[in-house]
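# Understanding the architecture of this molecule
As a plain string of letters, each chain reads:
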Amino acid sequence: DTGVSQDPRHKITKRGQNVTFRCDPISEHNRLYWYRQTLGQGPEFLTYFQNEAQLEKSRLLSDRFSAERPKGSFSTLEIQRTEQGDSAMYLCASSTYTDTQYFGPGTRLTVL
Amino acid sequence: AQSVTQPDIHITVSEGASLELRCNYSYGATPYLFWYVQSPGQGLQLLLKYFSGDTLVQGIKGFEAEFKRSQSSFNLRKPSVHWSDAAEYFCAVGAAAGNNRKLIWGLGTSLAVNP
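Residues numbered from 1 in each chain as written. Chains lettered and ligands numbered in written order. Predicted model: local features only at pLDDT ≥ 70, side-chain atom pairs only at ≥ 80, totals over all residues. Heavy atoms only, no water.

Okay, the overall build of chain A next. Looking only at helices and strands, chain A has zero helices and eleven strands in total. Secondary structure elements of chain A occur, N-terminal to C-terminal, as β-β-β-β-β-β-β-β-β-β-β. The C-alpha radius of gyration computed for chain A amounts to 13 Å, which stays within 12% of the reference 13 Å derived for 112 residues, consistent with globular compactness. Within chain A, the proportion of its 112 residues that are buried is 48%. Accessible area of chain A: about 5600 Å², with a carbon and sulfur share of 45%. Of the side chains in chain A, 14 bear a positive and 13 a negative charge, and the two mean positions are spaced by 7 Å. (Helix = DSSP H or I, 4+ residues; strand = E, 2+ residues; numbered from the N terminus. Rg over C-alpha atoms; globule rule 2.2 N^0.38 Å. Buried < 20%, exposed > 50% of the residue type's maximum accessible area, 1.4 Å probe, protein only. Areas by Shrake-Rupley, 256 points an atom, 1.4 Å probe, with all protein chains shown as cover. Lys, Arg positive; Asp, Glu negative; His and termini not counted. Charge placed at Lys NZ, Arg CZ, Asp CG, Glu CD.)

Here it is as structure tokens:
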């Protein structure tokens, strides 16, 4: 069991640039989630996939954010025209139908 | 409104002392309840979960939690704390049914352990 992996672990970018993060879930997990965590806060839900279908998207997610899971396996989260307020830890989790979510190590984004 | 409250932002205990971290939730449907731990630079690790059945659940690292429906609480306990337990602890609630599977999280409780 290799666990959930995320790439990159750290990303520093300049305001206005686009960034893309990747998440590889545990292989047999059909559900995949993205959360965002800022310092001193708990994670906030961003979006959720069941297989390749994006079933829910948070109102927190502006039009600059897009997520895909094209083949129901790995997922990507893209942020266009980054802003300083996007600086956070982006967490990916996966689960089966049993609903226990297992988390990856996260991608820490710093927008300068 | 769905919410999770962890009243204690920061707790300090001595090594070997007992520990209780509080969690209260507000949720309109039957909840699933979770405790996760996050160490610096690490991802979130599941400590334990409550789905149904026995309201006292056992987890990893000697932790347990008790679900009290009448109090909307899911407090985490450990009888004897070890220095390695110093970390951030998060309580989370999710739906037991339906397509909405997101977790709602508390702000976390930071645990420090004195030698």
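Take the sheet that holds strand 1 (residues 5-7) of chain A next. Residues and elements named next belong to chain A. As summarised here, the arrangement of the four strands in space is 1-3-8-7, forming an open sheet in which the pairing is antiparallel. Among the strands making up the open sheet, the edge pair consists of strand 1 and strand 7 (65-68). Pairs of neighbouring strands in the sheet enclose a mean axial angle of 15°, with direction left out of account. (Pairing = 2+ DSSP bridges. Axes fitted to C-alpha atoms, helices over the stretch in contact; angles between N-to-C directions.)

In this section: empty space enclosed by the protein. The tally for this structure, following the rule as stated, stands at one cavity of 30 Å³ or more. What the largest cavity holds in volume is close to 50 Å³. Together, Y33(A), D99(A), Q101(A), Y32(B), F34(B), G94(B), A95(B), R101(B), K102(B) and L103(B) line the largest cavity. When contributions to the lining of the largest cavity are tallied by element, the ones reaching two or more residues are strand 5 (31-38) and strand 10 (87-95) of chain B. (1 Å grid on protein atoms, 1.4 Å probe; cavity = no way out; pocket = protein on both sides within 12 Å on 5 of 7 lines; lining within 4 Å. Points joined across faces, edges and corners; volume = space filled by probe spheres on them.)

Grouped together as the largest cluster of nonpolar side chains are 29 residues, with contacts concentrated most on L19(B), W35(B), L47(B), L48(B), F74(B), L76(B) and Y89(B). Those elements that provide at least two residues to this core are strand 2 (10-14), strand 3 (19-21), strand 5, strand 6 (44-50), strand 8 (64-68), strand 9 (73-78), strand 10 and strand 12 (109-114) of chain B. When residues of this core are assigned to their parent elements, the largest contribution, five residues, is made by strand 10 of chain B. Listed in part, the 19 residues of the second largest apolar core include I26(A), W34(A), L77(A) and Y90(A). (Core = buried A, V, L, I, M, F, W, Y, C linked by side-chain atoms within 4.5 Å.)

Residue and element names in this part refer to chain A. Its place among the elements puts Q6 in strand 1. A distance of 3.0 Å separates the side chain of Q6 from the backbone oxygen of Y90, its partner in a polar contact. At a separation of 3.1 Å, a polar atom in the side chain of Q6 contacts the main-chain amide nitrogen of C92. Ignoring sequence-local partners within four residues, the contact set of Q6 consists of R22, C23, W34, Y90, L91, C92, G104, P105, G106 and T107. (Polar contact = N/O pair within 3.5 Å; in protein donor to acceptor, adjacent residues only side chain to side chain. Contact = heavy atoms within 4.5 Å.)

Residues and elements named next belong to chain A. A complete count under the given rule lists two disulfides over all chains for this structure. Here C23 is linked by a disulfide to C92, with a sulfur-sulfur distance of 1.8 Å. Here the S-S torsion is close to -70°, and the disulfide linking C23 with C92 is therefore left-handed. In this pair, C23 sits in strand 3 (residues 19-24) while C92 sits in strand 9 (residues 88-95), placing the two residues 69 residues apart along the sequence. Comparing C23 with C92, the two get one shared label, buried. (Disulfide = S-S within 2.5 Å.)

Residues and elements named next belong to chain B. Within the fold, D8 resides in the loop between strand 1 (3-5) and strand 2. At a separation of 2.9 Å, a polar atom in the side chain of D8 contacts the side chain of R22. The contact partners of D8, leaving out residues within four places of it in the chain, are R22, G108 and T109.

Contacts between the two partners involve 19 residues from chain B, matched on the other side by 21 residues from chain A. Contact between chain B and chain A buries roughly 1600 Å² in total, counting both sides, with carbon and sulfur atoms accounting for 52%. Scanning the region where chain B abuts chain A turns up one salt bridge. Among the salt bridges present, the one from K102(B) reaches E56(A), with a minimum N-O distance of 3.4 Å. Ranked by residues supplied to the side of chain B that touches chain A, first place goes to strand 5 of chain B with four residues. Along the lines of polarity and charge, the residues of the side of chain B that touches chain A split into ten nonpolar, six polar and three charged. (Buried area = accessible area lost by both parts, 1.4 Å probe. Salt bridge = Lys/Arg side-chain N within 4 Å of Asp/Glu carboxyl O. Nonpolar A, V, L, I, M, F, W, Y, C, P; charged D, E, K, R; others polar.)

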